[in-house]
Structure formats: structure tokens, C-alpha cells
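Close look at the chain arrangement
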Amino acid sequence: MSHDSPLAAKRILVVEDEYFIARDLERALRAADAIVIGPVATLEQGLDLAETQELDAAVLDVNLAGTRAFPIADRLSARSVPWTFLTGYDDWALPAPYRSASIVAKPFHADRVIRAIGALMPDEGRA
Amino acid sequence: MSDSADPPPRATMPEPPVDSVQRDAHVLAGINRILREALSASTEEDLGQLCLEVAEDLTGAAFSFFGEERDSSGRLDHLAISERGWAAYRGSDPEFSQRKLPNGLKIHGIFGEVMIQDRTLIVNEPASHPARVGLPQGHPVLHNFLGVPLRHNGETFAMFALGNHPTGFTEREKAIAEELAPAIVQALLRKRAEVASRASRRRLLTLIEGIPQLVWTATSDGRWTWASPQWVTTTGLSVEESLGHGWQAAVHPEDRDAAHAFWAQAGDHGDLTMEGRLFHAETGRYRWYKTRATPVRDDHGAIIEWFGTSTDIDNLRRLQDRQETLVAELQHRVRNILTIVRSIFTRTVEAGGPIDEISDHFRGRLDALARTQIVATQTVSGRVDLENLIRDELLGVGAIEDERLSIRGPDVTLPADTAESIGLAIHELTTNALKYGALRHATGRLAIAWHVEAHPNGKCELIVKWDETGVPAMPVPPVREGFGTELIREALPYGLGARTELQFRGGGVFCVISLPLPAEDVGQLNRSAEG
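Not measured: the values here are computed from a predicted model.

Concerning the overall build of chain A
Looking only at helices and strands, one finds four helices and seven strands in chain A. Each helix (α) and strand (β) of chain A, taken in turn from the N terminus, gives the series β-α-β-α-β-β-β-α-β-β-α. Taken across its 127 residues, chain A has 42% of its residues classed as buried. In chain A, 62% of the contacts between residues at least 6 apart in sequence involve partners at least 24 apart.

Some thoughts on the packing of helix H1 (residues 19–31) of chain A against helix H4 (residues 110–120) of chain A
For any two helices packed against each other, the geometry is given by the interaxial angle and the distance between the axes. Residue and element names in this part refer to chain A. The geometry of H1 relative to H4 is characterised by a closest axis approach of 10 Å and an angle of 60° between their N-to-C directions. Relative to H4, the element H1 is oriented oblique. As for how H1 packs across H4, the hand of that crossing is right-handed. When H1 is examined against H4, the residues Asp24, Leu25 and Ala28 are found in contact with a partner set consisting of Ala110, Val113 and Ile114. Classifying every residue of the contact of H1 with H4 gives five nonpolar, no polar and one charged.

Examining the pairing of strand E2 (residues 35–40) of chain A
Residues and elements named next belong to chain A. The pairing of strand E1 (residues 11–15) with E2 spans four bridges and is parallel. Across the sheet, the residue bridging to Arg11 is Ile35, located in E2. After leaving E1, the chain enters H1 and then returns to the sheet as E2, a path that is right-handed.

Observations concerning the packing of helix H11 (residues 355–378) of chain B against helix H13 (residues 416–435) of chain B
Residues and elements named next belong to chain B. Where H11 meets H13, the closest approach of the two axes is 9 Å, and the angle between their N-to-C directions is 145°. The handedness of the crossing between H11 and H13 comes out as right-handed. Of the residues in H13, those touching H11 at Gly364, Arg365, Ala368, Leu369, Arg371, Thr372 and Ala376 are Ala416, Ala419, Glu420, Gly423, Leu424, His427 and Thr431. By residue class, the composition of the contact of H11 with H13 is six nonpolar, five polar and three charged.

Some remarks on the UniProt feature "modified residue: 4-aspartylphosphate" (unreviewed entry) in chain A
Residue and element names in this part refer to chain A. In the numbering used here, UniProt assigns the feature "modified residue: 4-aspartylphosphate" (unreviewed entry) to Asp61. Relative to the helices and strands, Asp61 is located in strand E3 (residues 57–61). Asp61 sits in the buried class, given 27 other C-beta atoms within 10 Å.

Description of the nonpolar core
With 82 residues, the main nonpolar core has A:Ile12, A:Leu13, A:Val15, A:Ala58, A:Val59, A:Leu60 and B:Ala425 as its most contacted residues. The residues touching A:Leu13, leaving out its near neighbours within four places in the chain, are A:Ile37, A:Gly38, A:Leu49, A:Ala50, A:Gln53, A:Leu55 and A:Ala58. In terms of nonpolar packing, the next biggest core, distinct from the first, is built from 42 residues, B:Ala41, B:Ala55, B:Val114 and B:Met115 among them.

Notes on the sheet that holds strand E7 (residues 214–218) of chain B
All names here are of chain B. The strand order across the open sheet built from five strands is E8-E7-E11-E10-E9, with neighbouring strands paired in antiparallel fashion. Two strands bound the open sheet, and with one partner strand each, they are strand E8 (224–227) and strand E9 (272–280). This sheet shows a mean twist of 30° between the axes of neighbouring strands, independent of strand direction. When E7 meets E8, the two strands line up antiparallel, connected through three bridges. Across the sheet, Thr217 pairs through a bridge with Trp226, a residue of E8.

Topic: H13(B)
Counted at 1.5 Å a residue, the expected span for H13(B) with its 20 residues is 28 Å, and the 28 Å between its end C-alpha atoms agrees. With 17 of its 20 residues buried, H13(B) lies for the most part within the structure.

Here's the deal with the sheet that holds strand E6 (residues 155–163) of chain B
Residue and element names in this part refer to chain B. Spatially, the six strands line up as an open sheet ordered E3-E2-E1-E6-E5-E4, and their pairing is antiparallel. Taken across any chain shown, the strands that pair with only one partner, and hence form the sheet edges, are strand E3 (105–106) and strand E4 (121–123). Of the pairings in the sheet, the one linking strand E1 (residues 63–69) to E6 comprises six bridges and is antiparallel in character. Among the inter-strand pairings, Phe65 is bridged to a residue of E6, identified as Ala161. Across the face of the sheet, helix H2 (residues 44–59) comes into contact with E1, strand E2 (75–81) and E6 while running at roughly 75° to E2. Against the sheet, helix H5 (residues 109–117) makes contact with E1, E4, strand E5 (145–152) and E6, and its axis sits at roughly 30° relative to E5, the strand it touches most.

Calculation rules
- Residues numbered from 1 in each chain as written.
- Chains lettered and ligands numbered in written order.
- Predicted model: local features only at pLDDT ≥ 70, side-chain atom pairs only at ≥ 80, totals over all residues.
- Helix = DSSP H or I, 4+ residues; strand = E, 2+ residues; numbered from the N terminus.
- Buried ≥ 20, exposed ≤ 12 C-beta atoms within 10 Å, placed from the backbone.
- Contact = placed C-beta atoms within 7 Å.
- Axes fitted to C-alpha atoms, helices over the stretch in contact; angles between N-to-C directions.
- Parallel < 35°, antiparallel > 145°, perpendicular 65-115°, else oblique.
- Left-handed = near helix turned anticlockwise from the far one by under 90°.
- Nonpolar A, V, L, I, M, F, W, Y, C, P; charged D, E, K, R; others polar.
- Pairing = 2+ DSSP bridges.
- Right-handed = clockwise from strand over helix to strand, strands pointing away.
- UniProt positions renumbered as here; feature names shortened; annotations may be inferred.
- Core = buried A, V, L, I, M, F, W, Y, C linked by C-beta atoms within 7 Å.
- Expected span 1.5 Å × (residues − 1).

Spelled out as C-alpha cells, the structure:
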């Protein structure tokens, strides 16, 4: 287990309704030594984990089979858990409060997601 | 022939003082009458007749006319013939008897001298005047003539002429006529200016009331001073209700702050623009309008009032919104499907095998996705018929529906993303059956059947059953660890909340997919069942 990874031992929530994308994310996060919470496909499941699990960060697909993942983002923000959106939408298509959020555009490369989540994490004296 | 061509200046005329004062008073009264009448005369001809009547009364002439050169053409149009003139006519010309003014007369003869030589002319022996050209048929015999040019900006543009003084015209009549001349010109021009301004006002009003915009005027603090009929018709507010700040009643409550801000800038800016909703009385809802206001300035540049228009942009905005939604959804779908294709590609390659086989597998999966996409984008609803989905997949690999293959179930349509996953699952099962199962062996049979089950809790499930029989036992079930197995066992439950069962039995594959159907999809089902 590499302790060089900024995500090492971090608990990362994954909410993504496409099975194969979710599995790819899971695999990429595990390869970066993160602990994956989920992945889950629905708003209800995502909200449940966002409220009950100890989390360091989250990756959220914006469109969950037609419903928007914004309530999960709000819930996480209320708990000061940083998150990034994973979406096929351009930022202009998002509601105004979320336009300045961290966004990884689909189709994505696993490295980009890992870097985006890394950028959300505090340094915790690893200088 | 008159010797009046070079009259002595009027001021030196030997006139008895009393007569002169009396005469001046009469002339003054006549001038007043002409100028007053200029405002109330209904036509130029009426005004002209009045001028001629005054001139006849003051000079004692028997008849007269008033003419104007048409656009420096050398032709004269009649503006008026006096009542006495019409009455004196003895001819049979029907146009004359209908009081149709003669127009386009060549400027010549005795009257022509007045225009051409640009001077007042007295002719007391017209019969022997060198310029005489004769009289029109029916014209009363001309005993004597007094013609006066009418000038504007130094140019002679018209004239009036008096005929048949009982004793011949003298300097006295000439002086009276010349005093009347400027008043007649002024009266005519005033009349014309008024007619032009009225016509221009009418044109402007017709324009303002004819355009689709709502038009209004206001003071700099946004108090309306006028509203067009379109405003009244559209908002249902009367002009009286809209004046002052009354118009705000038609503004959507959420846009009233913006309307205040709009007028707050009126001091600083030349033009104001805002978009806001106005009440639309006909439909009882608010519509979006683009409102512009332009200042009307006086000669010194100070703002006198504001002229405003409100243009209906509701349809435009709705189309824009709709377009943005469509573009966003399209982007989302395209990017999502690319991401899925990428994942499928990775998995297909990871499964290993010869490159031809990998290539075939990947192409088959891509085709299955493409088929669903095509069907989904061909219908307005974006929904895919389950039976077609299954049939297309099987017929695509050359399977024939006979006693060995049955495809049966009620009409069910699926949303595009569900159809995508189910389509892929059917593709994987079909490929497997073709390579190792019921579609490969002559003894094999395949029954595909589906139905909708209503549960006591009010929820519905679509149950699709794939049942192969008669396949000779296989030593190793090849699908077991591949992409298809993961798809059916993991992906369908994950993404669609389905319950799945996949068995590699002796005799062939048995697979059941139980898919929860959203309430609206069941509604769809009922409708299609009724239909």
C-alpha cells in the first residue's frame, strides 16, 4: 500500500448510476489506495450514505437516471465534506449555485478524477 | 392698355385723409377675417373663396379667381373661383357647371403677365391689350382686370385677379389688393402647415397604434403620461388606470424591483432597456416583454419626456429555454454513451482472447447500443418497444422465428437508458446462444417471454424470461465469467434496481430479469393495452 497517494486511506463516496462507470471509478480510486464508499446509483442511496457515513470526499454524477444529485451535494456541503461533480453537462447547464463547483467532464480519464479529488483534500501537514 | 405698369409709390398717393382712414379700417378688418378664417376653413378652396370675397368687397370687383403655379411648370392651377365668379359663368362646359376648378392652365395672356413679370397689373382695356389671348367659352365679358402676384420667400408662386370694376381699377383698388396679398399668403401657408401637421400626427398615430409593440410616454420618474391602445388591450388596464405609476399593476410582482431600477437610471442614461413580465389579459398569465425607453429632448438637449415600447419576447424566451434544455440533454447523452462505450471497450479487451474475437465482441456490443440509440431517437417520446428490441437483436444474428424460437409478451415500452441496458443483456444472451446454446444446436429451443406483474404494494415489475432447452451439455459455460455475466448479474441490479437470475443449466441458459416499472411506465402500458 503506497502512502504517497494523496487519497491513501481516504473515504470517498461514489454516486453514479451507470454501473460500468461506477466500477471504473471504484477501480481507479482503489488503485489510488482510497476506501470506496458505495458506489450507489440512486439519490436515496446517495443521501443515505452522505448522512450516515464518515467521509473525506465524494464524486457525484449529476444526473441519476433523470433525477439530479444536488441534494446530496447540499447535504455534503452542510457536513463540510468536499465533492466533485462528474457530468456530461457543461457548467452553464447547471443551476447557478453549482456552476463554480469542482467538475470533471464526461467522458473522463481516471487520472483526472483522482486529481480532482486530490485537489479537494486538505494537505494535512504532508508538506 | 393701362398705364399702371409704373405706379407711384403708395405712400405718395394723394388720398383724402378721412377716406384713407376709413379704407384702412376696412382693409384691416378684411385681413383679420382672412387670418382668422385660415384656422377654421375646412378646405383650401373655402379659404381661397373667402379671400376673394374680401377682395371683391373691398375693391368693388364683380368676380375674381385665385391661382397657383404648379411646381414651376408654367401651368396654373385654380385654388378658388369666387361665388360671384361661378355665378357670372354663362357657358355650357359641364365641368364648370359642376364647379370643377380648371387646372393646368398655360400661364399666358393678361393674367400670365402678372406671374411672368412678377408685378401687379391693371388692365382697363383688355380687348386691345397686346398680351390678350381671348377668354374661355362662357367666361363673362372682361371689361377690366386687376392682377396681384402672391410671394413667398421672395418668389411669386401664386396670384389672384379681380375683374370688372364698374368704373375701372385705379391705384386705390391696386393698393387695397396689394395690402391683402401678404395676408392671403400667410393664411394659405398657415392652412397648409396645419393640414400637414395634422396629417403627420395622424400618420404617426396610425403607425404607433398599428405596430405590435405596446407604446407609452412617461416623465423621467416613470410616471406615465400616455398609453397606446395595444397596452390597454394587452394588459386590460385602461389608460386612466395606467397613468402615473398605475402601469406597475401590470408588471409581475417579482419584476417590479427591476422596473424601479429601470427608472432609477433614467437620469444617467440615454436609453433604458429591461426584460420583465407583463400581465396578458387574454390568457390570464404573465408574458415576457422587452421594454425600451428613449428620451425625447428639447432644442437644448434637456429631456422633456420618455418614449417607451414593450415588445413581446415570450415565445422567443421559451424557445431559447427549450433549446438550452435540449442541447444540455443531448450533450449529456452523447458524453454518457461515450463513457459507457469506453468502459465496455476496456472490459472487452480485458477479457482477453485473439484480437479477431475481441474485435467481434466489441463490434457486436457497439451495434447493440447503436440499435437502441437509433430507436430511442426516432420516437418523440424517446421510448423503445421491448418486443422490437428483442426481435431486432435476434433477427440481426439471423435467427428465424419458428417452432424452435418464440418471442411473446404484451406491449411494453422502455425509456432509452433502461432499453440500452436490457438491449445489451439480450445481445449477450443471443451471442452466447449463437456460439454455444439454443441457436447453435439443431435440437435447441429458445422461448423469450415477458409479462407485467402488479404487486399488492402498488408497485409493478416487468419480468423477462429467457429459457433455452435442448442444448447438449457443455463442458465449460463460457459466459460465466465474461462481460455478459457481469452485465446481467451486477449491472442490471445496480443501475436499474432489477433482480436477476442467470443459470447455466444442462440444456441451455435460463435467465430471468425482474425490472421495477415506474408508475408512469405502467400508465403507458395501460394506455397501449387499451389502444
